[in-house]
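# Coordinate analysis (summary)
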Amino acid sequence: MDEAPEERGLISDRIRNALSEAIAGGRMPAGTALDEQDLADRFGASRTPVREALRQLAFAGLVELRPRRGGVVARTTPERIAEMFETTAEIEAMCVRLATYRITPLERSRLMDLHEASAAMVAAGDVDAYDGFNRAFHETLYAATHNGFLAEQALAIRERLAAFRRTQLRQASRIDASRAEHGAVLAAMAEGDGEAAARRMRAHMLNASSALGRYVAGQGEREG
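Quick caveat: nothing in here was measured; it's all calculated off a predicted structure.

Moving on, we get to the pattern of salt bridges. Tallying each qualifying case throughout the model produces 13 salt bridges. A salt bridge links E21 to R166; the shortest N-O distance between them is 3.2 Å. You can see E21 sitting in helix 1 (residues 5-24) and its partner R166 sitting in helix 7 (residues 148-168), a full 145 residues away along the chain. Looking at E21, the relative accessible area reads 11%, which means it is buried. In this structure R166 comes out as buried when scored by relative accessible area, which is 8%. Here E195 ties to R97 by a salt bridge, and the two come within 3.2 Å at their closest N and O atoms. Linking E195 in helix 9 (residues 194-223) with R97 in helix 4 (residues 78-102), this pair joins segments that are 98 residues apart in sequence. Accessibility expressed as a relative area gives 25% for R97, which makes it partly exposed.

See the structure below:
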């Protein structure tokens, strides 16, 4: 099966997202074999986008690739995930604190526009659209720090946690709560209170971690 480069990229993203959510949601436990041909058949694709999706998952630490033997789901403990969320909570809090004092009018307008646009996504319950918005919202905050190194580190750890951050949005009512938490962060920034904005951002990230735990537990109960 031949796909154009752009089509391969879209298929690869679809495969990566499906697999990452299955892994992050606990539906594909550690040690699960990931055969390229089996996955290609499952997704109706060639092996090329499957291979690219597995490479991206390996970079994120969700998959271990073995020469000539395909891949397996990597072992990621709940404790490790909690540590990752705790770390990103501190980094994001630092970002929003700096952004409060350094943000430009154009960046502030961009954040407000994003926040307003997200209301329709929440009303529609469109988790996939909200996930894309959520990424843009946080990356705009990183840029508003005007600290390139910090922004790079925040983005890097975000990539490692992307699957878990996306999956936690599927927990009941989480996108509603997430949007409200963004509003609280923006309100503190508008008041010029970097410390309050940082506290609210830290709580926002830790709430996401808790939502992920509830979602995974719920999946286990349904399968049990």
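This brings us to the packing of aromatic side chains. The full count for this structure, using the stated rule, is 2 aromatic pairs. When the centroid spacing of 5.0 Å and the interplanar angle of 55° are considered together, the rings of Y130 and F133 count as tilted. One end of the pair is Y130 and the other is F133, both in helix 6 (residues 127-143) and 3 residues apart, which spans about a single turn. Per residue, the accessibility class of Y130 equals that of F133, and both read buried. Judged by centre distance (5.8 Å) and plane angle (50°), the ring pair of F133 and F137 falls under tilted. Of this pair, F133 and F137 both sit in helix 6, 4 residues apart, which is roughly one turn of the helix.

So, on to the sheet that holds strand 2 (residues 63-66). Read across the open sheet, the 3 strands follow the order 1-3-2; overall the sheet is antiparallel. Unpaired on one side and paired on the other, strand 1 (33-34) and strand 2 mark the two borders of the sheet. Pairing of strand 2 with strand 3 (residues 70-73) involves 4 bridges; the strand directions are antiparallel. From the neighbouring strand, V63 faces strand 3, where its bridge partner is V73. Here helix 3 (residues 47-59) sits on the sheet in contact with strand 1 and strand 2, set at roughly 120° to strand 2.

Take the environment of L206 next. Topologically, L206 is positioned in helix 9. A residue is classified by how much of its surface remains accessible, and L206, at 38% relative accessible area, is partly exposed. The sequence separation of L206 and F85 amounts to 121 residues, and the corresponding C-alpha distance is 6.7 Å. Those residues within four positions of L206 in sequence are excluded, and the remaining contacts are E86 and A89.

Each value, and the rule that gives it
Residues numbered from 1 in each chain as written. Predicted model: local features only at pLDDT ≥ 70, side-chain atom pairs only at ≥ 80, totals over all residues. Heavy atoms only, no water. Salt bridge = Lys/Arg side-chain N within 4 Å of Asp/Glu carboxyl O. Helix = DSSP H or I, 4+ residues; strand = E, 2+ residues; numbered from the N terminus. Buried < 20%, exposed > 50% of the residue type's maximum accessible area, 1.4 Å probe, protein only. Phe/Tyr/Trp six-rings, centres within 6.5 Å; stacked < 30°, edge-to-face > 60°. Pairing = 2+ DSSP bridges. Contact = heavy atoms within 4.5 Å. Axes fitted to C-alpha atoms, helices over the stretch in contact; angles between N-to-C directions.

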